[in-house]
Amino acid sequence: MNDVNNLQISKTPMARIQINIYGKLRKRLPLTREIGTRGVIEMEVPVGETLENVLQRIGVSKDDLYTIFLNNQLLTTKNAMADHLGYQQYCENCHNWELCVTMNDGDVVALFGLDMATLVI
């Protein structure tokens, strides 16, 4: 006989993340709110979900992006000079667009579209 009181229900842990969106991208995405020049999407995703999956969920293609920051560190960019600009980098190769990094609770992602290419002065 099964004891219902001892039944354990498996629940996937969720991560609350924030995605800051800059440039023209913010005009075509479902924002939670806007703060100055950035649009914000706040969402819950399963802990361990990849950034690539998160982008698919919100309808952003890698082809629409120029630069991505994760927790204030450069994750990836199309800027060839990025290696020489002294940005704190999330990983060694800041030109890798595989986006297999996994999301954790409290992560903050910043997405810069093609119209927001980094200016070097």
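The preceding data block contains the structure.
A short tour of the structure in this document, coming up. This structure is a prediction, so every number in the text was calculated from the model and none was measured.

All right, on to the sheet that holds strand S3 (residues 38-46) then. The strands that make up a sheet are held in pairs by hydrogen bonds between backbone atoms, and each pair lies either parallel or antiparallel. One open sheet holds the six strands; their spatial order is S2-S3-S1-S6-S4-S5, and the pairing between them is mixed. Here the strands that pair on one side only, and so sit at the sheet edges, are strand S2 (33-35) and strand S5 (73-77). Neighbouring strand axes in the sheet, compared pairwise and without regard to direction, differ in orientation by 25° on average. With nine bridges connecting them, strand S1 (residues 14-22) and S3 associate as antiparallel partners. Along S3, the bridge assignment pairs Arg16 with Glu44. Packing of helix H1 (residues 51-58) onto the sheet brings it into contact with S1, S3, strand S4 (65-70), S5 and strand S6 (108-113), and relative to S3 it is tilted by some 120°.

So, on to the pattern of salt bridges. Pairing is possible between side chains of opposite charge, provided their charged atoms come close. With the rule as written, the count across this model stands at four salt bridges. A salt bridge links Glu42 to Arg16; the nearest nitrogen and oxygen atoms lie 4.0 Å apart. Within this pair, whereas Glu42 is found in strand S3, its partner Arg16 is found in strand S1, the two being separated by 26 residues in sequence. For Arg16, a relative accessible area of 42% corresponds to the partly exposed category. Among the salt bridges present, the one from Glu49 reaches Arg57, with a minimum N-O distance of 3.3 Å. A relative accessible area of 14% places Glu49 in the buried class.

Here S4 lies mainly inside the structure; six of its six residues are buried. The pairing of S4 with S6 spans five bridges and is classified as antiparallel. The partner of Thr67 across the bridge, within S6, is Phe112. For S4 and S5, the ladder comprises four bridges, and the chain directions are antiparallel. Bridge pairing in S5 places Leu70 opposite Gln73.

This part covers the side chain of Thr77. Topologically, Thr77 is positioned in strand S5. Ignoring anything within four residues of it in the chain, the contact list for Thr77 reads Tyr66, Thr67, Ala82, Cys94, His95 and Trp97.

Basis of the calculations
Residues numbered from 1 in each chain as written. Predicted model: local features only at pLDDT ≥ 70, side-chain atom pairs only at ≥ 80, totals over all residues. Heavy atoms only, no water. Pairing = 2+ DSSP bridges. Helix = DSSP H or I, 4+ residues; strand = E, 2+ residues; numbered from the N terminus. Axes fitted to C-alpha atoms, helices over the stretch in contact; angles between N-to-C directions. Contact = heavy atoms within 4.5 Å. Salt bridge = Lys/Arg side-chain N within 4 Å of Asp/Glu carboxyl O. Buried < 20%, exposed > 50% of the residue type's maximum accessible area, 1.4 Å probe, protein only.

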